[in-house]
Amino acid sequence: QKEVEQNSGPLSVPEGAIASLNCTYSDRGSQSFFWYRQYSGKSPELIMFIYSNGDKEDGRFTAQLNKASQYVSLLIRDSQPSDSATYLCAVTEGGAQKLVFGQGTRLTINP
Amino acid sequence: EAQVTQNPRYLITVTGKKLTVTCSQNMNHEYMSWYRQDPGLGLRQIYYSMNVEVTDKGDVPEGYKVSRKEKRNFPLILESPSPNQTSLYFCASSFVAGDTQYFGPGTRLTVL
């Protein structure tokens, strides 16, 4: 059973600060990496995806991937109360046929 | 509107009574998948389908069946539900395997 582990939460960050979410994975063959956001009682929605080593920026969000260290992270700059949610890291396995999720990190942005 | 729909959204049933949760997508996606979400365990994949008539087991397939007779539909069948199948279920689809998956609204199932 391949594993995806996220930093334990809950994580509390003041408004305007940078929130850092981390994820490690065990399958060296993984090719695609996703960050989803899930509000309570709602379905997961995509925040970002990343396929190559390095950083990928989209607005206030930056995804970082290091395949050698089997590590992927999500940075949220200028955190807003609306960013309060559970963040799910997901990694493809089995030749991209399967998607394995971490257990999620609950993030709270304090005004 | 591009979307994944699931029905029913909420279901309370009793042990052993067969049920089907429907999933439909209107985006012409080849890949579809079912997940269950339980507190502390995150999202776990039940079954997935690469295309019509092509299905395979995920990480927690026991007690579930699926079929993919049409590209747009991917129903989840519980032939003899048990209380340990009480969970929140999500259907998802993507253009191809490995691509971004789009999730349905979820089905909250309670088995008494």
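Structure first, text after, so check above.
Our subject in this report is the structure included herewith. Note that this is a predicted model, so its numbers are computed, not measured. The residue numbering used here restarts from 1 in each chain and proceeds along that chain's sequence as written. As they are written, the chains are lettered A onward and the ligands numbered 1 onward, keeping that order. The predicted nature of this model means local features are confined to residues of pLDDT at least 70 and side-chain atom pairs, given and counted, to a pLDDT of 80 or more, with totals for whole chains, interfaces and linings taken over all residues. Based on all heavy atoms of the structure, the side-chain values leave hydrogens and waters out of the count.

In terms of helices and strands, chain A carries zero helices and eleven strands. Here a helix means four or more residues in a row that DSSP labels H or I, a strand means two or more in a row labelled E, and each is numbered from the N terminus. Starting at the N terminus, the α and β elements of chain A follow one another as β-β-β-β-β-β-β-β-β-β-β. Between the two quantities, the radius of gyration covers C-alpha atoms and the globule rule is 2.2 Å times the number of residues to the power 0.38. In terms of C-alpha radius of gyration, chain A reaches 13 Å, essentially the compact-globule figure of 13 Å for 111 residues. Dimensions of chain A, computed from C-alpha atoms along their principal axes, come out at roughly 40 × 30 × 20 Å. In this scheme, a residue with accessible area under 20% of its type's maximum is buried, one over 50% is exposed, and one in between is partly exposed, where area comes from a 1.4 Å probe on protein chains only. Residue burial in chain A is summarised as follows: out of 111 residues, 44% are buried. Nonlocal contacts in chain A, meaning residues at least 24 apart in sequence, comprise 52% of its contacts between residues at least 6 apart. Contacts: residue pairs with any heavy atoms within 4.5 Å of one another.

The next point concerns the interface of chain B and chain A. Taken together, the contact pairs 20 residues of chain B with 21 residues of chain A. Buried surface area refers to the total accessible area, computed with a probe of radius 1.4 Å, that the two partners give up upon joining, counted for both partners together. Interface of chain B and chain A: buried area, both sides summed, is about 1600 Å²; carbon and sulfur atoms make up 51% of it. Whenever Lys or Arg places a side-chain nitrogen within 4 Å of a carboxyl oxygen from Asp or Glu, that contact is recorded as a salt bridge. Taken together, the connections running from chain B to chain A amount to one salt bridge. Here A:Lys98 makes a salt bridge to B:Asp59, at a shortest N to O gap of 2.9 Å. For this analysis, a polar contact is any N or O atom pair within 3.5 Å, provided that within protein one partner can donate a hydrogen and the other can accept it, and provided that sequence-adjacent residues contribute only side-chain to side-chain pairs. Taken together, the connections running from chain B to chain A amount to eight residue pairs in polar contact (both at pLDDT 80 or more). Elements supplying a minimum of two residues to the side of chain B that touches chain A: strand 4 (31-38) and strand 5 (42-51) of chain B. Ranked by residue count, the leading element in the side of chain B that touches chain A is strand 5 of chain B, at five residues. For the side of chain B that touches chain A, the per-class residue count stands at nine nonpolar, nine polar and two charged. Residues are grouped as follows: nonpolar covers Ala, Val, Leu, Ile, Met, Phe, Trp, Tyr, Cys and Pro; charged covers Asp, Glu, Lys and Arg; every other residue, Gly included, is treated as polar.

Residue and element names in this part refer to chain A. Pairing between strands is defined by DSSP: at least two bridges between them are needed. Strand order in the open sheet formed by five strands is 1-3-8-7-6, with antiparallel pairing between adjacent strands. Across the chains shown, the open sheet's two edge strands, defined by having one partner strand only, are strand 1 (4-6) and strand 6 (54-58). Across this sheet, the average inter-strand angle for adjacent strands is 15 degrees, counted without regard to direction. Here strand 1 pairs with strand 3 (residues 19-25) via three bridges, running antiparallel. Between N-to-C directions, angles cover 0 to 180 degrees, with each direction set by a line fitted to C-alpha atoms, over the stretch in contact for helices.

Okay, the environment of A:Gly9 next. All names here are of chain A. Examined against the element boundaries, Gly-9 turns out to sit in the loop between strand 1 and strand 2 (11-14). For Gly-9, a relative accessible area of 42% puts it in the partly exposed group. Between the C-alpha atoms of Gly-9 and Ala-19, which are ten residues apart in sequence, the distance is 12 Å.

From the geometry alone we can't say anything about function, so treat these as descriptive.
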